[in-house]
There are 2 protein chains.
Amino acid sequence: MSNLKIGLFGFGVVGQGVYEVIRKSKNAHAEIVKICVSDLKKPRGVEVDPSLLTDRAEDILNNPEINLVVEVINNAEDAFHIVKTSLLNGVPVVSGSKAMLAQHLPELIEIQKQKGVALLYDASSCGSIPVIRNLEEYYDNDLLLEVKGILNGSSNYILSRVFDHHEAYESALRKAQELGFAEKDPSFDIEGYDSLFKLVIITVHALGTYVAPDKIFTYGISTIHDSDILYAREKGVKIKLVAQVVKVSEEHFTMFVMPEFVGPNKYIYSVDDEYNGVVIRGECYDRQFMFGKGAGSLPTASSILSDVMARLHDYRYEYKKQNYLQKPDYTTDITLKIYVRYSETNIRHILKFDRVLEQYMSDESNYIIGEIKLSELIAKRNRLHEKDLFIANIPIFFLNKDN
Amino acid sequence: MSNLKIGLFGFGVVGQGVYEVIRKSKNAHAEIVKICVSDLKKPRGVEVDPSLLTDRAEDILNNPEINLVVEVINNAEDAFHIVKTSLLNGVPVVSGSKAMLAQHLPELIEIQKQKGVALLYDASSCGSIPVIRNLEEYYDNDLLLEVKGILNGSSNYILSRVFDHHEAYESALRKAQELGFAEKDPSFDIEGYDSLFKLVIITVHALGTYVAPDKIFTYGISTIHDSDILYAREKGVKIKLVAQVVKVSEEHFTMFVMPEFVGPNKYIYSVDDEYNGVVIRGECYDRQFMFGKGAGSLPTASSILSDVMARLHDYRYEYKKQNYLQKPDYTTDITLKIYVRYSETNIRHILKFDRVLEQYMSDESNYIIGEIKLSELIAKRNRLHEKDLFIANIPIFFLNKDN
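None of the values given here were measured: they were computed from a predicted structure. (Residues numbered from 1 in each chain as written. Chains lettered and ligands numbered in written order. Predicted model: local features only at pLDDT ≥ 70, side-chain atom pairs only at ≥ 80, totals over all residues. Heavy atoms only, no water.)

Q: Is there a simple way to think about the overall build of chain A in this case?
A: Check the secondary structure of chain A and you find 15 helices and 17 strands. A globule of 403 residues ought to have a C-alpha radius of gyration of about 22 Å, and chain A, at 22 Å, matches this closely. Taking the principal axes of its C-alpha atoms as reference, chain A extends roughly 65 × 45 × 35 Å. Counting across all 403 residues of chain A, residues that qualify as buried make up 62%. For chain A, the share of sequence-separated contacts (at least 6 apart) that also reach a separation of at least 24 residues comes to 73%. For chain A, the exposed surface amounts to about 15,500 Å²; the carbon and sulfur share of it is 47%. Side-chain charges of chain A comprise 46 positive and 56 negative groups, with the mean position of each set lying 1 Å from the other. (Helix = DSSP H or I, 4+ residues; strand = E, 2+ residues; numbered from the N terminus. Rg over C-alpha atoms; globule rule 2.2 N^0.38 Å. Buried < 20%, exposed > 50% of the residue type's maximum accessible area, 1.4 Å probe, protein only. Contact = heavy atoms within 4.5 Å. Areas by Shrake-Rupley, 256 points an atom, 1.4 Å probe, with all protein chains shown as cover. Lys, Arg positive; Asp, Glu negative; His and termini not counted. Charge placed at Lys NZ, Arg CZ, Asp CG, Glu CD.)

Listed below in structure tokens is the structure:
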């Protein structure tokens, strides 16, 4: 077993957690020898030898002593530069930057292959839940049908406060930010982009197919109204922000991120607060459920530690689904059943429903329940985002002609 | 990637599942070339080419074409002979025989090391939940504090029927057997031995230490009375058969299998019917919860398939905890808080409590709640098993002098 000399990029909430966790784990055979920060003068939550700190990326990237780069910074462009440079130099990387990975995974997979160097990123996907590793290693066959879950701790925390504790949305959001669950830019969490990026990464390891984030319908929770919550309560369901990738036929799968009405008989119904929960469904094993802390400094850092320790044993992802299995194609030609609450605008002037099942109008609010193509939602998404309306998925078996 | 030529031992519920699952998975690069059964004339649930069947173990063990043995038979002695012979011949094995593994793991680990040949057995531990693989690969550091769970689907099914559906114990047991959840010998399930064997295997991968099954306190559910169920219902808790291994200090851990009062705020509270659920607790990641089908033909078989496919990539357990970490020692010198319901016999003539906290007596039944050493329970276990009494753990933080 070799010893790891680590160059760490980023010393915010997660970076400091990584520093703590590696120090705690006496047997990690790993040592952080350099930490690159953007502002050397910024006060830190943990005490650290000042000689470890630098603000010059080259001090890590050009340091021949360093044999592992750990990257947990916020800026996706900088993160991509760091990861790419390091891999091209032949130095393996552990990364937690989901936005960067979701954008650049195909190129980074190609570089890994060419250079024979490893990039691990289990921490990018569900904090402490080992989703990527399990999809890659354990569910590495073609029996997988669906991965579905609550992938964002912050928005789930907000929904829990609003739903179970009757708190106002704004106050719940503030609390999530105070507790450090929320990303710097809250729209990442509440508009569903954080979940989306994780879903893109998960799909590469679940089915072997990469789909660019901008091709995927993503709708968040920022426009939720009291009337939506009331409606869900009356129906005995909760509203959760759910990301899912589902095989709809032998050759096709679909994926999207949107609020969903979740009944009490579903595993994710009881995933509350800042927790994440993922359901993996397969042809023979039915449903597996994994549950754990999806946000926060130490849970994410312990996931980074698992990737760091995997490097002690020269572990790398083999991208088994991509390399060995028949990859299904992405389709948006599937029918969803959705709830749309709207004010003012007549929603039917924007969205073309295949079939309207229910329609309700009052002075307070209006809603419509109907069947609609996912492709129609994608085509109209810019117009949807401008309006005072709220969309939620009502899960059904997919009404796909292929199915 | 090589192609696997599999010799399968056992063609009961699980063996037939393995046959089905491998046939379903088009990309497994694996083929069953021989199936050894004890009775060639027994009718089978699935159709199979008769030329595949044999009743002579040598047809597999001495077959140079076969490069993987899959062993899912019930008889622990036969299983040990098969696995040992195959490993000594240099042929890797996938095994599902928990009783055999729990007894012989140290010797089998030694043979793997000497011969450089792999033995995989994730299916032995929680049906479709990948506990062993995750402990070995993902929680491969010294931050792990506890693994606790419901590891036996059959006894959990019975408790669910009795508890939630007000069914009689005997009828619930019969139903479990009819549904194929129960082991052939029901005492395996209901007396806690099945959970015990799994716990022994899990502990090797959780903490690196092997403890022989007969050193571990194991108490089952066969003596449960209506009054125990009534008591638990009044307190708002469920009774679950729980197996656990817990670090009680830096140097020591303890482990046991017994019924436990589980409150609604615990993850395992909602693990009902034939499901298994495992909580992994660590210093930084808090609690992870994994949940899935723990019994049945296809869930177990899909776990076997994962092990089979791992062999395509030459995967083997590295026994990381055993080889690289400071192993803690097993102790029974810890204090538990337990509930004992008894009739006739005065329980205090048998068990020496450190402290009695509550005592209740009536014409119907009596119970005592008190603190007791685990070592005392082990010392008296034979006398306990003869009596009409029921013991349940009331979880507390361990009152250990080391702690």
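We are not done yet, so read on.
Q: Just checking my understanding: could you explain the relation of the copies chain B and chain A for this structure?
A: The relation between the two chain copies is a rotation about an axis coupled with a shift along that axis. Superposing chain B onto chain A takes a rotation of 180° combined with a translation of 0.0 Å along the rotation axis, leaving an RMSD of 0.0 Å. Look at the turn and shift together and you get a two-fold axis relating the two. In terms of proximity to the rotation axis, the leading residue of chain B is Met 290 of chain B, whose C-alpha is 2.3 Å off the axis. Taken as a fraction of all interface residues of chain B, those also at the interface in chain A reach 100%, which identifies the copy contact as same-surface. (Least-squares fit on C-alpha atoms with pLDDT ≥ 70 in both.)

Q: How do you make sense of unusual backbone geometry when you look at a structure like this?
A: Excluding glycine, a negative phi dihedral is what most residues carry, and trans is how most peptide bonds are arranged. Residue and element names in this part refer to chain B. We note that His 166 has phi near 50°; this positive angle belongs to a residue other than glycine. Note that His 166 resides in the loop between α7 (153-164) and α8 (169-178). Here the phi dihedral of Asp 273 falls at roughly 55°; this positive angle occurs in a residue that is not glycine. Topologically, Asp 273 is positioned in the loop between β10 (252-262) and β11 (275-282). Judged by relative accessible area, Asp 273 falls into the partly exposed class, the value being 27%.

Q: Would you explain the packing of aromatic side chains in this entry?
A: How two aromatic rings sit relative to each other is set out by the distance from centre to centre and by the angle between their planes. A complete count under the given rule lists 38 aromatic pairs over all chains for this structure. Considering the side-chain rings of Phe 291 of chain A and Phe 289 of chain B, the 6.4 Å spacing of their centres and the 85° angle between planes classify their relative orientation as edge-to-face. You can see Phe 291 of chain A sitting in strand β12 (residues 286-293) and its partner Phe 289 of chain B sitting in strand β12 (residues 286-293), one on each of two chains. With respect to class, Phe 291 of chain A is no different from Phe 289 of chain B; both count as buried. An angle of 20° between the planes, with centres 5.1 Å apart, marks the rings of Tyr 360 of chain A and Tyr 367 of chain A as stacked. Relative accessible area serves as the criterion here: at 39%, Tyr 360 of chain A is assigned to the partly exposed category. (Phe/Tyr/Trp six-rings, centres within 6.5 Å; stacked < 30°, edge-to-face > 60°.)

Q: I'm lost on the sheet that holds strand β5 (residues 93-95) of chain B in this one. Help?
A: Residue and element names in this part refer to chain B. Overall, parallel pairing links the six strands, which are arranged β3-β2-β1-β4-β5-β6 in an open sheet. What marks the edges here is a single partner per strand, and that holds for β3 (53-54) and β6 (119-120). With six bridges joining them, strand β1 (residues 4-9) and strand β2 (residues 30-36) adopt parallel strand pairing. Residue pairing for β2: Leu 8 is matched across the bridge by Ile 35. Of the strands in this sheet, β1, β4 (68-71), β5 and β6 touch helix α3 (residues 76-88), which is tilted by about 170° from β4. (Pairing = 2+ DSSP bridges. Axes fitted to C-alpha atoms, helices over the stretch in contact; angles between N-to-C directions.)

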